[in-house]
Structure formats: structure tokens, C-alpha cells
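Working through the structure, step by step
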Amino acid sequence: MAKADKVLVLGLDGMEPLTTRRLVDAGKMPNTKKLIEMGAAKKGLEMLGAMPTITPAQWTTLATGAYPGTHGVTDFWNQDPDSLDTIIYGLDSRLCQSELLWNVTAEAGKKTLVWHWPGSSWPPTSGSENLYVVDGTQPASPNYSIANIDIEKYIEASKGFKETKFISHIEADNLGDSATDCVIDKLELEGEGEKNEFDRLNEISDNKELQLNRYKMAKIKNFDFHLGEGTGLGMDLDKIPYDKIQSVISEPSSWKIDIPTDALEFSIFVSGGKLRRPCLILKNAQGIYDTVSVYKSKNDDQPLVTLTGDTIATDILDEVIENGEKVLTTSFYKILELAPDGSKVRMWKSTAYKVDCDNRWSPKPIYKDIIENCGYVPPFTQIGGSNIEFSREILNPVWRLNKLWQARAINYMIEEQGIDVVFSHTHSIDHQAHQYWNYAMQKEGTPPETEFQALIDRTYEDADEYIGQFMHLLDKGWTIFITSDHGEQIHYKPIAKLGSGSGVSLGVMKDLGWTVLKKDEKGNELPEIDWEKTKAVCIRTSFIWINLKGRNPNGIVDPKDKDAVEDAIIDSLYTYKDPRIGERIITLALKNRDAILLGLDGPETGDIIIMNREGMVGEHGSGLSTYTGYYGTSVAPIFIAVGKGIVNNPDLKRTVRQVDLAPTIAAMMKVRMPKHCEGAPLYQIISDDITKDFIE
Amino acid sequence: MENAGGYHRDIFSGMVATELAKNGYFGEEYRLYGFLCWLNNEKKLITAEKIEECAKIYVDLIEQGALVTPYINYGERVNKPEKKEKTMIALKEKIYDSLDEKYGKELEDNITKYKQKVINSTASNILRDYYLSIEAASAMRVKVQALKWLAGHCKKRGLISQKNYNCLLGLLPKTESDLGEYIKQLSGFAWYTDNRWKYYTNAFLPTVVEKLVQLQKDGYLTSGIVSKEYNLNSKPAYELKVEFQEYLGTVLDDEYLSMVQKLDEMFLKED
């Protein structure tokens, strides 16, 4: 009986069809080209994404075959049922109300690896010993939320400096040259009271019902005033803190080891400035300073790392002090500039990741198995943005190394642990998109847009290289799906001030009078909602709630008026013109019951669902999956299938929906459908011997 | 979280996850590894919380001549660290019951079988001859582990006496690492397939042990496990593997591997 025995889902967060198609046609993505030629895809490579076009919601759709309204993961955050201005952490598998395909495959006896899938993967929800899960508590990179114990550092050393200084990211605004306006204006993670309740629940029992309710303890209040261009929906990733070190270059002194007479020295600091690391600048045979060696102390024979050229040094082990104890960490280093006469050095050191850190790996031993055999988990960098040097020399190549490590790790798990099914995710494209895609359309005071456009292309070429690491599996009978949650577009109009990445959106809703803030004695607005005057709030990416009597604690809208208020809000949004450009800001607004058309009905969304207008949306998030942007970019996710059981059809005529991936895999592997699946197998891409089997 | 202003949701969600984890939001996976062992006329359940520790004890006990079952594990995700002790006791009981059910009878049968063996000098002679053939002290130092494994194997089967075993081990030089606090270790073994020996190497001892146990279960002849320590700051493991495989070839050389075959033939006859 024919079926797909081994399946690899290569998820590339943010990978979109238009840019892929352009670069494939230009011969810059040879591996992807080969897959398309061998496999099945739409001519334009697109998939119709679920909405909102937000990471956790869409990855959960890909894993369940259900729409967000059904699986209940509707954003990065879910709505606190007790308070309209409060959100709860959403990357929690216990919030997902639909069955996950990886639980089905694991329980069907398939060894299944879920690799950093930022939608309902952590904590693991099946006890099957066939299920292996790596992190998934945030989209950035494995271990980001748990291993990062010393922030990244930008180092400048010069003969011209008078003193050596460590400028902590906490003490100063080391926010990158292109920092945009602060968009999160008031933020509060609720404190002790909630923690006590959390403890109380834990003490009572570990039963499932209580576990499901535990999410209520993670409450966050945040007001987005939309003060700048950013909306919290994507433009603001380049505002990132880092420690800054200014160090004096001088003649070496007090070294207990033999060093060249013409060497120079300077110092850097690690561990939040608590530990000093001496560095030597060394000459090459031609008499040019071209090497920097970083030592743990002036007594050590061997340096921690020796840096030359523009190579990033990886897996550099050093100690960091955490809670008073020395902890082994791993970092990356890179020289950005080294003057031939040794008078100036600029360097970058990544965040330091704790080496002993297996809490996000299940079962835990796979962590050590992987780091021992494939290298340490690469530290995640947040440096980049409109600083083209940071984006080109640090962010982009660090992501390339991250992907290559990930490919090594996944291939290792396949070869050594006999993994049959892989659900994998990398955040490389999405993270870079939020950092600098926006500057690929010329902005005042930033480098030429062509430099960022070239970097976008390089990001895709790197993605192709990553895909290439798995091509050998096709010869071993694997079926491969290349897919993404959403694409990334470059917006070409001001971003609409409606919808928020991480809280309550006050912009348009306040302008229209639907949301009202309390005022102090002088009439200044306070960051607190006046519930006595507020009829509705817009919260998270795309959702508006009516402040309803009987449902909400301070409700003022009578239930009998709800429909009329909803109509009034929808009317006001359709007629509202953005004062900056005088244009309508939304494409559509639907009542909850009507939002079933988008799969966004149900209790986990809102009373009204809004989709902002094309061009006025950040890279993705608050608009439709079909939007396109500047430089030939788009919001649509990508879909390519190839390998055993897939027919050769590079011009697939049917619409491929995000909900179709899970049932297609289930059908091809002949495991049962996930229980709440709403999509259907893509019959047109599955070979006849399989379809015949399941039709029979 | 007050410093979170300006972070993108992708990053901010990670910061929230960090805070939540500190409060035990995601719970903690507690796991216990264990196997049954028979050594010096005593049957014991060996358990360890870390798989690396379990694998190391496993290899040590084999080298001491213990009869062992494969190791298994059970785990549970719990929300409060205070529940760890109770959880571990329950996991230990579960491991014992499961091992006893799966391997208890086989272990007892082997104990009975090997107890009845009459010690002869053949195995001792084979090991002694190999030992005497190693001339240089440096070569001896690297071959120590491989000999220990075989001596333990013979002792387990009742084919060499405790006295001869002690005597052989007494002749072997001690190996000490001067690599400092942070080290990494590569391990490997040889296995016989398609009329030739192949090497398997890995930087995680439990994976090596599991691979060896699986190959033995599938009927392949294997050597013992050989390990080598490296400074943690040396090349990454995937690059070191080539170097380690060369080392493995010098320890598990043709002479050694033919001794493994000779002993295996003897074991088959004895069985």
C-alpha cells in the first residue's frame, strides 16, 4: 500500500511567494527551483493564509487543520475573559482547542519531532514516547526565553579614548541608530496577587481543568497610543537594547604569558559588566594588525577566541555570573572594523546563552545529544534595523549560521534517533523582515533602499541554502513540504492606528470616541480606561469588544443595543479617514457571527473583526493574507510539496488553504485526521495510488 | 517588565515567557532512568536523574562484569518543585515494575546460567596474550578501556575468575585527564556487518550505549565502548568525529577486533 512514510515540514516563518518566485526565476534559489520542478505548487507558489496573519494563530492552523476561531489561538495573546483591557500569553499549547497533527502521528507510532513551532507546541500535550518537542514558547529561536543571560555587546576600542567604559543597556539608550518611537507606553505584568492564586491552584491539584485555567495567571495590560509611525505591529523591532563598551587601546601590561612585542591591548566586559576580558590586537606577517584575541585573564595560555577578517566566531565558551554563581555560556564574536595600524577596533559579541539549559526540550536528553553532536544552540541577536552595517554584518549572517545549525540538528535527529515526521520552524525571514524590510522603501535619513533590497534577496538565498540541507532526504523516500505562516510585505502608506501588537489600541478608537481614557485633575489623559464612558475597545491585532452589560464587569452597553452599537462602530470605521493621507483605513469589518467567513468567529476573537487596508499594514498582521507591498513583496504564505506520494504539478490550479496542510499530511501518511480539522487533503497533488486507497 | 517598552511582539512574548517560566508556569519535566543489574551475587536497581549519569554507570558496571538489562526511563511534567521527591519515588517504582516485567525472567535465567559456568583458562589466556602483545606504554594507555570491557564481559559470563580479572585490571595503567573543569567526550565502538568491522562514533554517551544495545539485540557482534575526552573549547564535535574515529581505529585495531571475534566464538560454544 503506497503512502508517505517520512514527512518533513520545513516551516520558514515569513517566507512569501512573490519574492521566492522572483529569485527562483533569477536562478538565485537553485534548491527551491529544483523542488518546484520536481513537486507540486501553484504557479505563483502562494497559499491562502488563515487570519489574522499572525504567527501563533497561523502555525496552529498549519498544525491542526483548523481555523483560528476554532482552535482558539487567535494572536500572540488571547483575550482575558475577565477584563477587556487585559491580554493573556498565547503561546501555550494548553490554550489550543483543536487536536494537533503531531500528537496523531506520534500516537500512531511515528517518531515525531516538533522543532520550535511557535503555535501550540509547548508544553507537549501528548505523553507519547514518540513525540520529541523543542521549545515553542516564543517565535524567536530555541531557548531564547530561557538561555539568554547576558545581553549582546557593541565594542569600540580606540587609542583616542581617555577611559574604558561599560555603558549598560539599562543605564543608557543604546537603541540602535534607527530607533523608532516607543509604542508600548504602559505595560504591566500582573503581580503578587495573581502569583498567589497561581500557587494556590498548583497546590490544589495538577488536574487538567486547573491546568487549562493556569493561563489566566499570565495577565498583561498594555496601552498602545500609536505615538509614532510604528503600531507595535512590526516597525519597531530595530529598537533594541545592547550593552556598549568603550575601551582604551594601549601598550600591553601585566600579561603573565609571552606576547609579541608589538601587540596592543584593550578590554571588554561580559556578564553585565561584572567581568573584564583582556584582548590583544596582533600583527600579521606583513606587519598589519589583523587579529584580535580575547582572553579570560592575562594568565591564560590560550585565548577564549581569536578573531580575524569578517568571520563570525561561534560556540565561544565563557563564564557569566548568574545569581552569584559562575555559569558556562556560549557566544558569537565578530570584528566589524580593525584599523591596519591597530588604532581602532569595533567588535560585536552576541548574547551569552547558558549551556546547561534543557528545560524547553522534551524529552530533555535530546538537548544534550544535539549540542554535543551538532554544536551549541546559536544565540539570538536583536541587533540590526536601519543600521545597514548591523543588519548586513551581524543580523543576516547570524541567522544564516542559526539555520545551518538547525539543519544539522534536524538531520542528526533524523539519522540518529530515527525520526519519521518533522514539523520545523525557523524565524529567520520574519525576524529580519521586522528589522529592516521597511527600509527597503526609501526613508529619510537611512541608507539607500537598494542596500536593504539586496539584503532581502540575500535572506532568501540563505533560506534556499537551508532548504538545500534537506534535499538528500528526497533520495531516501521523504516527502517535503515547504511552507510558512504568512509573508512579509513592505507597506507603502502610513500604518493605520488601529490594532495593536501587544495590547489595547487607542489611536483611531479614541479619535472616534469609542474608547475613552480617564483624566487627571488638569484634564490630562491617564493610561487607564474610563469604563463608564467606553463603549468598545480594540485590542490585539484585529479585534474589537463591546463593553457589554452583564458580560463585562463595567459594561455600559445594554445587550439589546449591542447589534446597533456594532453597526455604528463598523460604519464609523468605514468612513474614518486617516488624517495623514485622507484615506479609509480598513478593508473590512465583520461582526463575530459573520467572521465565520474568515474562520474568525467564536469566543476567542472579538465582537467585531477588522482587517486594515492594503498598504497601511506593517509587514503582516492586521490585514488580509492576499495583500502585496513595495518591492514585489506579499503577505501570502508559501506552499511547495515534493517527494514520495506527490505528483509533479508545478502549475496547480486549485486554491491551497492553510487548513489543508494537516489533512494532506494525515491522508498521505494514512493516519487519522486531527479531530477538529476543517481543511481537506489536496487531492490534486497526491499520487493516485494514495488517493485511490483512501477513497476506497 | 517595565523595560519592555518598544519591544516587538515576537521579542516581548519571549520576555513574558521568561517571566512566566520563573513562576513555574510551564511546569518541569522530571525523568528517571534505570536498569537492573547483577554484580557480585547481588541484584540491584540502578537509577539516575540524568541520562548521561545512567549511561556512564551502565558502562562502568559492564566493565566490572555486571549482568545488566537495557535501561529505560519514565518522566512526568509537574508544576511544583516540591512535588519532585514524591514524583521520583513513583517513577522509580514504575521503572522497577516495568524492568522486572520486561527483563526480569531473562536476567534470572542468565544469572542461573552464568553461575553454573566452570572457569577455564581460555578466556584469560586470550586476554593475557593480547595484553602481552602491546609493547609501548602509550599504546597500552589508549587500549585500557577496550580491555576492561572485554574482561568485564568474560567475568560476567563466569569465564574468568575474580582473581584473574583483578590481576588483569591491576596491570592496566591508570588514565587521568588534565583537561580541566570543562571537557567534552566522544565515544564509539566497532560492529561487525557485511563481513567487515564498521565504527560508530557520537559525542553523547547515552546515544552510543543505546546504539550498541540495539545492535547487540539485532544480533550484531560489537566491541566495547571507547571514549576520549577533549577540551570543551576544541573543535565542534561534528568536526572532531573524524579525528576521534582515527583514534578509535588505533584502539580497536585489527588485532583487538580479531580477539573480540575469538572470544565471541568461545561465548557461542559456551552457550
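Residues numbered from 1 in each chain as written. Chains lettered and ligands numbered in written order. Predicted model: local features only at pLDDT ≥ 70, side-chain atom pairs only at ≥ 80, totals over all residues.

1. Structural notes on the overall build of chain B
Within chain B, the secondary structure is distributed over nine helices and eight strands. If one aligns the C-alpha atoms of chain B with their principal axes, the spans along those axes are about 75 × 45 × 35 Å. In chain B, buried positions account for 37% of the 271 residues. Residue pairs in contact within chain B that sit at least 24 positions apart in sequence constitute 71% of those at least 6 positions apart. (Helix = DSSP H or I, 4+ residues; strand = E, 2+ residues; numbered from the N terminus. Buried ≥ 20, exposed ≤ 12 C-beta atoms within 10 Å, placed from the backbone. Contact = placed C-beta atoms within 7 Å.)

2. Quick look at the overall build of chain A
Each helix and strand counted, chain A has 16 helices and 36 strands in total. Computed over the C-alpha atoms, the radius of gyration of chain A is 26 Å, within 12% of the 26 Å expected from 2.2 N^0.38 for a compact globule of 696 residues. If you line up chain A on its principal axes, its C-alpha atoms span 85 × 75 × 55 Å. Per-residue burial for chain A yields a buried fraction of 57% across its 696 residues. (Rg over C-alpha atoms; globule rule 2.2 N^0.38 Å.)

3. Details of the packing of helix α2 (residues 30–38) of chain A against helix α12 (residues 449–468) of chain A
Residue and element names in this part refer to chain A. Following both chains from N to C, one finds α2 and α12 inclined at 60°, their axes separated by 7 Å at the closest point. With respect to α12, the axis of α2 lies oblique. Judged by residue contacts, Pro 30, Asn 31 and Thr 32 of α2 engage Asp 464, Ile 467 and Gly 468 from α12. Partitioned by chemical class, the residues of the contact of α2 with α12 number two nonpolar, three polar and one charged. (Axes fitted to C-alpha atoms, helices over the stretch in contact; angles between N-to-C directions. Parallel < 35°, antiparallel > 145°, perpendicular 65-115°, else oblique. Nonpolar A, V, L, I, M, F, W, Y, C, P; charged D, E, K, R; others polar.)

4. A word on the domain arrangement of chain A
Residue and element names in this part refer to chain A. Assigned domains within chain A: domain 1 (6–79 + 93–130 + 386–491 + 633–695), domain 2 (150–179 + 240–352), domain 3 (186–224) and domain 4 (504–618). Inter-centroid distance (C-alpha atoms) of domain 1 to domain 4 is 33 Å. Each side of the interface is counted separately: domain 1 has 15 residues, and domain 4 has 17 residues. Those elements giving two or more residues to the side of domain 1 that touches domain 4 turn out to be α4 (68–71) and β3 (77–79). Broken down by class, the residue content of the side of domain 1 that touches domain 4 amounts to seven nonpolar, seven polar and one charged. (Domains from an automatic or database assignment.)

5. Quick word on the domain arrangement of chain B
All names here are of chain B. Once the domains are mapped, chain B shows domain 1 (28–115) and domain 2 (122–270). Of note, the centres of domain 1 and domain 2, computed from C-alpha atoms alone, are 24 Å apart. Listed by partner, the interface residues are 15 residues for domain 1 and 13 residues for domain 2. When residues of the side of domain 1 that touches domain 2 are assigned to their parent elements, the largest contribution, eight residues, is made by helix α2 (residues 51–63). For the side of domain 1 that touches domain 2, the per-class residue count stands at nine nonpolar, two polar and four charged.

6. What about the packing of helix α10 (residues 388–417) of chain A against helix α11 (residues 428–436) of chain A?
Residues and elements named next belong to chain A. With their axes 10 Å apart at the nearest point, α10 and α11 run at an angle of 170° to one another. In terms of their interaxial angle, α10 and α11 are classed as roughly antiparallel. The hand of the α10/α11 crossing is right-handed. For the pair α10 and α11, the contacting residues are Ser 391, Leu 395, Asn 396, Trp 399, Asn 402 and Lys 403 in the first and Ser 428, Gln 432, Gln 435 and Tyr 436 in the second. (Left-handed = near helix turned anticlockwise from the far one by under 90°.)

7. So, the environment of Ser 350 of chain A
With respect to the element layout, Ser 350 of chain A can be found in the loop between β19 (344–349) and β20 (352–354). Taking the C-alpha atoms as reference points, Ser 350 of chain A and Gln 382 of chain A, separated by 32 residues in sequence, lie 9.1 Å from one another.

8. Regarding the environment of Asn 552 of chain A
Residues and elements named next belong to chain A. Relative to the assigned elements, Asn 552 resides in the loop between β29 (543–546) and α14 (562–575). For the pair Asn 552 and Trp 531, spaced 21 residues apart in sequence, the C-alpha to C-alpha distance is 10.0 Å. When sequence neighbours within four positions are dropped, the list of residues in contact with Asn 552 reads Leu 84 and Asn 547.

9. Here we look at helix α1 (residues 9–22) of chain B
Between its first and last C-alpha atoms α1 of chain B spans 20 Å; for 14 residues at 1.5 Å apiece the expected length is 20 Å, and the two agree. Two residues or fewer past α1 of chain B, Gly 24 of chain B is found with a positive phi of approximately 80°. (Expected span 1.5 Å × (residues − 1).)

10. Some words on the environment of Glu 82 of chain B
All names here are of chain B. One can find Glu 82 in the loop between β4 (72–78) and α3 (84–115). By C-beta crowding, Glu 82 is classed as exposed, having 11 other C-beta atoms within 10 Å. Here the alpha-carbon distance between Glu 82 and Thr 222, two residues 140 residues apart in the chain, equals 44 Å.

11. Focus: α12 of chain A
Relative to the 28 Å expected for 20 residues at 1.5 Å per residue, α12 of chain A spans 29 Å between its end C-alpha atoms, a close match to the ideal helical length. Of the positions making up α12 of chain A, those classed as buried are Phe 452, Leu 455, Ile 456, Thr 459, Tyr 460, Asp 462, Ala 463, Asp 464, Tyr 466 and Ile 467 of chain A.

12. Considerations on the pairing of strand β11 (residues 219–224) of chain A
When strand β4 (residues 86–89) of chain A meets β11 of chain A, the two strands line up antiparallel, connected through three bridges. Paired with Ile 88 of chain A across the two strands is Lys 219 of chain A, which belongs to β11 of chain A. (Pairing = 2+ DSSP bridges.)

13. Regarding the nonpolar core
Side chains of a nonpolar character, in soluble globular proteins, are inclined to be buried together. Core analysis: the biggest nonpolar cluster contains 202 residues, and Ile 480, Val 537 and Ile 640 of chain A have the highest contact counts within it. Ranked by residues supplied to this core, first place goes to α10 of chain A with 11 residues. Here Ile 640 of chain A is in contact with Leu 35, Ile 36, Gly 39, Ala 41, Leu 45 and Ile 482 of chain A, once residues within four sequence places are set aside. Formed by 56 residues, the second largest nonpolar core is a distinct cluster that contains Ala 55, Ile 95, Leu 252 and Val 260 of chain B. (Core = buried A, V, L, I, M, F, W, Y, C linked by C-beta atoms within 7 Å.)

14. Overview of unusual backbone geometry
Residue and element names in this part refer to chain A. Following Met 51, the chain continues into Pro 52 via a peptide bond in cis, with omega recorded as 0°. Of note, the bond from Ser 362 into Pro 363 is cis; its omega dihedral lies within 30 degrees of zero at -5°. Here Pro 363 lies in the loop between β21 (361–362) and α9 (365–374). Positive phi outside glycine occurs at Ser 120, with the angle close to 65°.

15. Quick look at the sheet that holds strand β14 (residues 275–283) of chain A
All names here are of chain A. Strand order in the open sheet formed by four strands is β13-β14-β15-β16, and the pairing between neighbours is antiparallel. The sheet is open, and its two borders are formed by β13 (264–270) and β16 (305–308), each paired with just one other strand. Here the average twist between neighbouring strands, direction ignored, is 25°. Bridge analysis of strand β15 (residues 289–294) against β16 gives four bridges, and the strand direction is antiparallel. Paired with Thr 291 across the strands is Thr 308, a residue of β16.

16. Brief notes about the confidence of the model for chain B
Residues and elements named next belong to chain B. Of the residues in chain B, 94% reach a pLDDT of 70 or more, and the chain-wide mean stands at 87. Low pLDDT, under 50, characterises residues 1–5; the predicted model gives this stretch 11 contacts beyond four residues in sequence or across chains. As scored by the predictor, the complex reaches a pTM of 0.92 and an ipTM of 0.90. (pLDDT = per-residue confidence, 0-100.)

17. Section: the pairing of β15 of chain A
Residue and element names in this part refer to chain A. Examined bridge by bridge, β14 and β15 share five bridges and lie antiparallel to one another. Bridge assignment links Leu 280 to a residue of β15, and that residue is Ser 293. Two successive antiparallel strands, β14 and β15, enclose a turn made up of five residues, where Gly 287 displays a positive phi of approximately 85°.

18. Re the confidence of the model for chain A
Chain-level statistics for chain A give a pLDDT mean of 90 and a share of 91% at 70 or above. Segment residues 174–216 of chain A is flagged for pLDDT under 50; beyond a separation of four residues in sequence, or across chains, it makes 96 contacts in the model.

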